[in-house]
Amino acid sequence: MLSWKHEKDTTSKMYYFSSALTYLLGMVSSNMALQWINYPTQVVGKAAKPIPVLILGVILGKKVYPIRKYFFVLLIVIGVVLFMYKEQARMVVEESQGLGIGELLLFCSLTMDGLTGAVQERIKSESSPTAYSMMLNTNGWSTLILSVSVILTGECFKFVAFVNLYPEVLIWLTGLSLMGALGQLFIFFMVSEFGPLPCSVVTTTRKFFTVLASVIIFGNVLMLRQWIGAILVFSGLFLDIICRNGKSPAMKIANK
């Protein structure tokens, strides 16, 4: 950001602070939920992320989506749930412990995801910052919030002690940070250019495409339910692309 000239970002700092805070709360709630619910339940719940993003984007972000958009997102979510649940169910050893708390945390996580999307939609509609500016400011506020949190909770001292025992972890953290930053460049670029809903669809289906590639490479056999899920996901994606980019001749003439 400092190496070349770019347009001044007029986005309110409160928007960036709100976006960073809701993002962090959503991530923390999701991770904490695993203490009370099993991983497949979390996968099923988080697969519904585009729905709160869409709903809160309409309510708070003042975004208008056509009815077909709701249908396409629903197809994708159902498909991911069908595909991922069976794939991850084998990994569960113990049943989830406790009732209510994990589900509540998962609901809070989804709500925070929706609020993050709504704030990003408001940012995009009011000031349209570049992807790099959005990434820099959001991560800046996230770093500040997390720094205060780890100091107040004392986790920073536990981290220092851990690194003293296992110094090689710094190499892995560096690699993870570089890959994470590179991935975020694409995510923030998508948010700034296309909005948070397409971004949430991509981040929701990323595990699906990862598992699908693994199936193709290693020759694993898919269950019938997983094939149905795959068909639903691709149907929702392709229908959304066709309806967004393709218009009937009558509509094109009317637009002209």
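Every value quoted in this text rests on a predicted model; they were computed, and no experiment measured them. (Residues numbered from 1 in each chain as written. Predicted model: local features only at pLDDT ≥ 70, side-chain atom pairs only at ≥ 80, totals over all residues. Heavy atoms only, no water.)

**Concerning a nonpolar patch on the surface**
In step 1: Nonpolar side chains collect at one region of the surface, where Ile51, Ile55, Val58, Ile59, Leu60, Ile67, Tyr70, Leu74 and Ile78 lie side by side and expose about 760 Å² of accessible area between them.
In step 2: Elements that contribute at least two residues to the nonpolar patch include exactly α3 (50–59) and α4 (67–89).
In step 3: Inspection of the secondary structure assignment puts isoleucine 51 in helix α3.
In step 4: With a relative accessible area of 33%, isoleucine 51 lands in the partly exposed category. (Patch = residues over 30% accessible without salt bridge, like charges linked within 9 Å, V, L, I, M, F, W, Y side chains within 5 Å. Areas by Shrake-Rupley, 256 points an atom, 1.4 Å probe, with all protein chains shown as cover. Salt bridge = Lys/Arg side-chain N within 4 Å of Asp/Glu carboxyl O. Helix = DSSP H or I, 4+ residues; strand = E, 2+ residues; numbered from the N terminus. Buried < 20%, exposed > 50% of the residue type's maximum accessible area, 1.4 Å probe, protein only.)

**So, the pattern of salt bridges**
In step 1: Going through the model one piece at a time under the given rule, you end up with 1 salt bridge.
In step 2: One salt bridge in this structure joins arginine 122 and glutamate 126, with 3.9 Å as the shortest N-O distance. Taken together, the residues span about one helical turn, with arginine 122 and glutamate 126 both in helix α5 (residues 101–126) at a distance of 4 residues.
In step 3: For arginine 122, a relative accessible area of 22% corresponds to the partly exposed category.

**Remarks on the confidence of the model for the protein**
In step 1: Here the protein averages 76 in pLDDT, while 78% of its residues score no lower than 70.
In step 2: Confidence, expressed as mean pLDDT per element, reaches its minimum in the protein at helix α11 (residues 249–255) with 36 and its maximum at helix α7 (residues 155–165) with 91.
In step 3: Overall, residues 86–98 carries pLDDT values under 50, and its contacts beyond four positions in sequence, including any with other chains, amount to 18 contacts.
In step 4: Scored below 50 in pLDDT, residues 247–256 makes 2 contacts in the model with residues more than four places away or belonging to other chains. (pLDDT = per-residue confidence, 0-100. Contact = heavy atoms within 4.5 Å.)

**Some details on the packing of aromatic side chains**
Describing an aromatic ring pair means giving the distance of the ring centres and the angle of the ring planes.
In step 1: Overall, the coordinates contain 3 aromatic pairs when judged by the stated rule.
In step 2: An angle of 80° between the planes, with centres 5.4 Å apart, marks the rings of phenylalanine 17 and tryptophan 141 as edge-to-face. Of this pair, phenylalanine 17 sits in helix α1 (residues 13–33) while tryptophan 141 sits in helix α6 (residues 131–153), and the two are 124 residues apart along the sequence.
In step 3: We classify phenylalanine 17 as partly exposed; its relative accessible area is 28%. (Phe/Tyr/Trp six-rings, centres within 6.5 Å; stacked < 30°, edge-to-face > 60°.)

**Topic: the environment of serine 177**
In step 1: Residue position: serine 177 is located in helix α8 (residues 169–194).
In step 2: Residue classification places serine 177 among the partly exposed positions, given a relative accessible area of 49%.
In step 3: Engagement of the side chain of serine 177 in a polar contact is seen with the backbone oxygen of leucine 173, the distance being 2.8 Å. (Polar contact = N/O pair within 3.5 Å; in protein donor to acceptor, adjacent residues only side chain to side chain.)

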